[in-house]
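# Structural description and commentary
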Amino acid sequence: MDHDYHLETLAMAFDGPESGETGDVVVPIHLTTTHEMEAPGESAHGYKYARFGNPTREALERRLARLTGADHAVACASGTAAIAATCLATVESGDRVVAFDGVYGGTRLLFEDLLVDSLGATVEYVDATDPANVEQAVTDDTSLVWMESPTNPLLQLCDLSTVADAAASVDATYVMDNTFATPYFQRPLERGADVVVHSTTKYLNGHSDSLGGAVVTDDGELADAVGHALAYELGSPLPPFDCYLVGRGLRTFPLRMDRHEHNAAAVAEYLADHPAVGQVNYPGLESHPQHDLAREQMDGYGAVVSFELDATDAETRAVIEELDVFTLAVSLGGTESLVDHPTTMSASYLSAEGRAAAGISDSLVRLAVGIEHEADLIADLDRALSKL
């Protein structure tokens, strides 16, 4: 491209040659699983079988790369597939991995099943809110440093640039899960990350109707390795129709994120002043222990708010069940507001000991704040909390 367009513009257009001969403004959905070849082993158009390449998927990958400031993107069938493909491309038997102890519980389970049990690697979890812990944990045999910022569900941060320096000092691959922040609020590649992963299920698609993931990087060889793992070892590229849905969602992505954050800030401020709420986790609040870091390395604070109630487990569940505008459901990133009780929902597959170690209590509530009117969201919370 000849111009340095802003993210808002890149989210809309420039999908490439697939707009093609018929002048399509929206990229067509190529549902074919196989492509005719000119001769045995010869393809003039470069396509053979949908697992190895698809025009709709490649159009989305180009847009995701531009949107995140990367040279390459690989679209995956889920966020978990994106994590698994990245691990398979970067970790070998006997390698050492350093990870934020606040990473999403599903990521931790995948690490234990894939990296530890299957590949024979070791994983050390550290409190990455203190950069010194990462610097001390990274050694010459560390091949992968895996971070998530903000974390799920406690909204903890790590210093992106300091972690980059630590990983680079031992030539380890530095991966950042940027699902919560999105490229609208945080640009990890510009602060030294080698790879960024996203669950496109969340804000990039934004409509709770498509499961997907993405891996973005400036390293062409690494992108090829991730793509190979995805196509040949996992068999889980993002299907064409889901590629269309994510591409469609990206057209409203910047607008949605502005409204998401506006509402989340209002909700967080309301909760911080409520007598029944013990602690509110939201980087945009000055009370957040890493608020200054958030201001320095983020362009906004996102749309997830979690909080502790001064209540029992039963009382917490009762409050959640009173909500009407907030829908009781796992996941996040859609236009609708969702409420999650991590102990019984998004973190229920962790043991009680694992949840305790992760700081997930029975009175913790996670809100994925949508784009409804802020007054209705706050009134819904106020009515439910009045039951305590």
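Check the entry above for the structure.
Residues numbered from 1 in each chain as written. Predicted model: local features only at pLDDT ≥ 70, side-chain atom pairs only at ≥ 80, totals over all residues. Heavy atoms only, no water.

## Quick word on the overall build of the chain
- Looking only at helices and strands, the chain has 14 helices and 12 strands in total.
- Taken over C-alpha atoms, the radius of gyration comes to 21 Å for the chain, in line with the 21 Å a tight globule of 388 residues would show.
- Dimensions of the chain along its principal axes, counting C-alpha atoms only, are 70 × 50 × 35 Å.
- Out of the 388 residues belonging to the chain, those deemed buried represent 54%.
- Here the analysis covers contacts within the chain between residues at least 6 apart in sequence; of these, 73% occur between residues at least 24 apart.
- Accessible surface, the chain: about 16,200 Å² in total, of which carbon and sulfur atoms supply 49%.
- Here the chain holds 21 positive side-chain charges and 63 negative ones, and the gap between their average locations is 6 Å. (Helix = DSSP H or I, 4+ residues; strand = E, 2+ residues; numbered from the N terminus. Rg over C-alpha atoms; globule rule 2.2 N^0.38 Å. Buried < 20%, exposed > 50% of the residue type's maximum accessible area, 1.4 Å probe, protein only. Contact = heavy atoms within 4.5 Å. Areas by Shrake-Rupley, 256 points an atom, 1.4 Å probe, with all protein chains shown as cover. Lys, Arg positive; Asp, Glu negative; His and termini not counted. Charge placed at Lys NZ, Arg CZ, Asp CG, Glu CD.)

## Details of a nonpolar patch on the surface
- A surface patch of nonpolar side chains, amounting to about 280 Å² of accessible area, comprises Ile 29, Leu 31 and Phe 241.
- Along the polypeptide, Leu 31 turns up in the loop between helix H1 (7-10) and helix H2 (55-68). (Patch = residues over 30% accessible without salt bridge, like charges linked within 9 Å, V, L, I, M, F, W, Y side chains within 5 Å. Salt bridge = Lys/Arg side-chain N within 4 Å of Asp/Glu carboxyl O.)

## Some remarks on the sheet that holds strand E9 (residues 304-309)
- A sheet is described by the order of its strands in space; here five strands give the open sequence E8-E9-E12-E11-E10, paired in mixed fashion. Lying at the two open borders of the sheet, with one neighbouring strand each, are strand E8 (277-281) and strand E10 (327-328).
- In terms of strand pairing, E10 meets strand E11 (residues 338-340) through two bridges, oriented parallel. By the bridge assignment for E11, Thr 327 is matched with Leu 338. (Pairing = 2+ DSSP bridges.)

## Thoughts on the pattern of salt bridges
- Tallying each qualifying case throughout the model produces eight salt bridges.
- Of the charged contacts, one joins Arg 317 and Asp 313 as a salt bridge, the two residues approaching to 3.1 Å between their closest N and O atoms. With a gap of four residues between them, Arg 317 and Asp 313 both fall in helix H12 (residues 313-322), about one helical turn apart.
- Relative accessible area serves as the criterion here: at 37%, Arg 317 is assigned to the partly exposed category.
- By relative accessible area, which is 24% here, Asp 313 ends up partly exposed.
- With its nearest N and O atoms 3.4 Å apart, the salt bridge here joins Glu 322 to Arg 383. Taken as a pair, Glu 322 in helix H12 and Arg 383 in helix H14 (residues 374-385) lie far apart in primary sequence, 61 residues in all.
- Residues joined in a network through salt bridges with shared partners are Glu 322, Asp 324, Asp 380 and Arg 383.

## With respect to the nonpolar core
- Counting 105 residues, the largest nonpolar core has Phe 111, Trp 146, Met 147, Tyr 174, Leu 271 and Leu 367 as its most contacted members.
- Top element by residues in this core is helix H10 (residues 253-272). It accounts for seven residues.
- For Leu 271, the residues in contact, after removing those within four places along its chain, are Val 277, Val 280, Val 305, Phe 307, Leu 367, Leu 381 and Leu 385. (Core = buried A, V, L, I, M, F, W, Y, C linked by side-chain atoms within 4.5 Å.)

## Let's talk about the packing of aromatic side chains
- Counted according to the given criterion, the structure contains seven aromatic pairs.
- Plain terms: the ring middles of Tyr 49 and Phe 52 are 5.9 Å apart, the flat faces sit at 55° to each other, and that makes the pair tilted.
- With a centroid separation of 5.2 Å and 70° between ring planes, the pair formed by Tyr 184 and Phe 185 is classed as edge-to-face.
- Assessed through its relative accessible area of 15%, Tyr 184 is described here as buried.
- What links up through ring pairs into an aromatic cluster is the set Tyr 49, Phe 52 and Tyr 232. (Phe/Tyr/Trp six-rings, centres within 6.5 Å; stacked < 30°, edge-to-face > 60°.)

## Details of the side chain of Ser 78
- Topologically, Ser 78 is positioned in the loop between strand E1 (72-76) and helix H3 (79-90).
- At a separation of 2.9 Å, a polar atom in the side chain of Ser 78 contacts the main-chain amide nitrogen of Ala 81.
- Once residues lying within four places of it in the same chain are set aside, the contact partners of Ser 78 are Leu 211, Gly 212 and Gly 213. (Polar contact = N/O pair within 3.5 Å; in protein donor to acceptor, adjacent residues only side chain to side chain.)

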